[in-house]
Amino acid sequence: MDINSSRGMDSGLTLDKIGALDSYQNDSRFTLRDRLAIEFAERMTRTEMDVTDDFFTDLQEEFSVEELVELAGVIALENFRSKFNNAFRIEAQGFCVLKNQDS
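Residues numbered from 1 in each chain as written. Predicted model: local features only at pLDDT ≥ 70, side-chain atom pairs only at ≥ 80, totals over all residues. Heavy atoms only, no water.

It is worth spelling out the overall build of the protein at this point. The helix and strand tally for the protein stands at five helices and zero strands. In sequence order, the protein lays out its α and β elements as α-α-α-α-α. Long-range contacts, defined here as pairs at least 24 residues apart, represent 45% of the contacts in the protein between residues at least 6 apart. In the structure as shown, the protein presents an accessible area of about 7,700 Å², 52% of it carried by carbon and sulfur atoms. (Helix = DSSP H or I, 4+ residues; strand = E, 2+ residues; numbered from the N terminus. Contact = heavy atoms within 4.5 Å. Areas by Shrake-Rupley, 256 points an atom, 1.4 Å probe, with all protein chains shown as cover.)

Quick look at the structure:
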């Protein structure tokens, strides 16, 4: 999440929102589009989940076809990078140094 956090913060994403990702489904900081995009990423990433027809219909109500193609492509690329980096034990490179929430 190092480079993506850094780029997100350059685009206005806050540390507060990054820290709230685990509770995105019920957190008012996340819009409906945010929640759908994050769930789409989870469904594409986690083996036990699926992008069902009903969920895809929900996505189509909020995103254009072009946006869905781009979103799916970015999710797939991040999954590729995650697997690749893990195989070679590539650690975060310090692009986004997050302070300890407890400090």
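Let's shift gears to a negative patch on the surface. Together, Asp50, Asp53, Asp54, Asp58, Glu61 and Glu62 make up a negatively charged patch on the protein surface. Inspection of the secondary structure assignment puts Asp50 in the loop between helix H3 (32-45) and helix H4 (53-62). (Patch = residues over 30% accessible without salt bridge, like charges linked within 9 Å, V, L, I, M, F, W, Y side chains within 5 Å. Salt bridge = Lys/Arg side-chain N within 4 Å of Asp/Glu carboxyl O. Lys, Arg positive; Asp, Glu negative; His and termini not counted. Charge placed at Lys NZ, Arg CZ, Asp CG, Glu CD.)

Right, let's get into the pattern of salt bridges. The final tally for this structure, using the stated rule, is seven salt bridges. The residue Arg29 makes a salt bridge to Asp16 at a minimum N-O spacing of 2.6 Å. Of this pair, Arg29 sits in the loop between helix H2 (15-19) and H3 while Asp16 sits in helix H2, placing them 13 residues apart in sequence. The class of Arg29 is partly exposed, set by a relative accessible area of 35%. Classification of Asp16 by relative accessible area gives partly exposed; the value is 47%. The partner of Arg43 in a salt bridge is Glu39, with the nearest N and O atoms 2.8 Å apart. (Buried < 20%, exposed > 50% of the residue type's maximum accessible area, 1.4 Å probe, protein only.)

Quick look at the packing of aromatic side chains now. According to the stated counting rule, one finds two aromatic pairs in the structure shown. Taking 5.0 Å as the distance between ring centres and 40 degrees as the angle between the ring planes, the aromatic pair formed by Phe84 and Phe88 counts as tilted. Under the relative-accessibility criterion, Phe88 is labelled exposed at 57%. Counting every residue linked through ring pairs, the aromatic cluster contains Phe80, Phe84 and Phe88. Above the face of the Phe55 ring, Arg43 is positioned so that its terminal group lies 4.3 Å from the ring centre. (Phe/Tyr/Trp six-rings, centres within 6.5 Å; stacked < 30°, edge-to-face > 60°. Lys NZ or Arg CZ within 6 Å of the ring centre and 35° of its normal.)

Model confidence for the protein is summarised by a mean pLDDT of 86, while 82% of its residues fall at 70 or above. When pLDDT is averaged over each helix and strand of the protein, the minimum, 65, is found for helix H1 (residues 2-10) and the maximum, 98, for H4. (pLDDT = per-residue confidence, 0-100.)

Direction vectors running N to C along H3 and H4 enclose 140 degrees, while the axes themselves pass 10 Å from each other. As H3 runs across H4, the sense of the crossing is left-handed. Within the contact between the two elements, H3 uses Leu32, Arg33, Leu36, Glu39, Phe40 and Arg43 and H4 uses Phe55, Asp58, Leu59 and Glu62. Looking at the contact of H3 with H4 residue by residue, the class counts come to five nonpolar, no polar and five charged. (Axes fitted to C-alpha atoms, helices over the stretch in contact; angles between N-to-C directions. Left-handed = near helix turned anticlockwise from the far one by under 90°. Nonpolar A, V, L, I, M, F, W, Y, C, P; charged D, E, K, R; others polar.)

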